[in-house]
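# A structural walkthrough
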Amino acid sequence: MRTAIYPGSFDPVTCGHLDIIKRAARLFDKLIVLVSVNPTKASCFTPEERVDFIKRVTVNIPNIEVDSYDGLLIDYFNLKKADVIVKGLRAMSDFEYEFQMALVNKDLCYKAETVFLCADVVGTFLSSSMVKQIALFDGDISSYVPLEIERDIMKGVKRLKKSEKD
């Protein structure tokens, strides 16, 4: 059984992420979508909320597992006895960063292979940060995030906006 891990902050999960998830799920026997907790990055949504969002939008994909982890990706990779790390690429700048991360992961664990999947047209310019910024100003995010979680994202961003004012 080939197991892949698709890590990311997913703050929040976007249609671009979902496209990579669906495509990776077709390539591997099991896909673990891993909400990585980055202590140097401020998040809008808790890891539990992000896991819930992903579970809700992938409910019809049978070979998906959703988890969160706050340590090194390579430690989780070894813990799960995974075969591959999946990363989505939007632009050349993504490639430079992800290529560097792939080399570091390979250095930390020789078995860690990284597979890059190119984003679709919408995913090429889309980021979670962009979605949050549009939502912050009450813009229409409906074509950028799955319908099942759109209202929750709008509520979460407004919650963040309100807490910053207080």
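Residues numbered from 1 in each chain as written. Predicted model: local features only at pLDDT ≥ 70, side-chain atom pairs only at ≥ 80, totals over all residues. Heavy atoms only, no water.

## Digging into helix 6 (residues 128-136)
For the α-helix, the turn length of 3.6 residues means that residues three or four positions removed from each other point alike. For clarity, the threshold we go by: The buried label goes to any residue with under 20% of its type's maximum accessible area, the exposed label to any with over 50%, and the partly exposed label to all in between, with areas taken from a 1.4 Å probe on protein chains only. Secondary structure follows DSSP: runs of H or I at least 4 residues long count as helices, runs of E at least 2 residues long count as strands, and numbering of each begins at the N terminus. Comment: arc refers to directions from the helix axis out to C-beta atoms.
Every buried residue of helix 6 is listed here: Ser128, Val131, Lys132 and Ala135. Viewed along the axis of helix 6, the buried residues span an arc of 95°, placing them on a single side of the element. Within helix 6, the exposed residues directed more than 90 degrees away from the buried face are Ser129 and Gln133. Where helix 6 ends, the next residue or the one after it, Asp138, has phi of about 60°, a positive value.

## Here we look at helix 2 (residues 47-57)
Along helix 2, the residues that are buried comprise Arg50, Val51, Phe53, Ile54 and Val57. Taken around the axis of helix 2, the buried residues stretch over an arc of 160°, which confines them to a single face.

## Observations concerning unusual backbone geometry
With an omega of 5°, the peptide bond between Asp11 and Pro12 qualifies as cis. Note on placement: Pro12 falls in the loop between strand 1 (3-8) and helix 1 (15-27). In this structure, Phe10 takes a positive phi of about 50° despite not being glycine. Inspection of the secondary structure assignment puts Phe10 in the loop between strand 1 and helix 1. Look at Phe10 and you get buried, because its relative accessible area is 1%. A positive phi angle, close to 60°, is found at Asp138, a residue other than glycine. Following the sequence through the fold, Asp138 ends up in the loop between helix 6 and helix 7 (147-165).

Remember that the coordinates give geometry; whether it matters functionally is a separate question.
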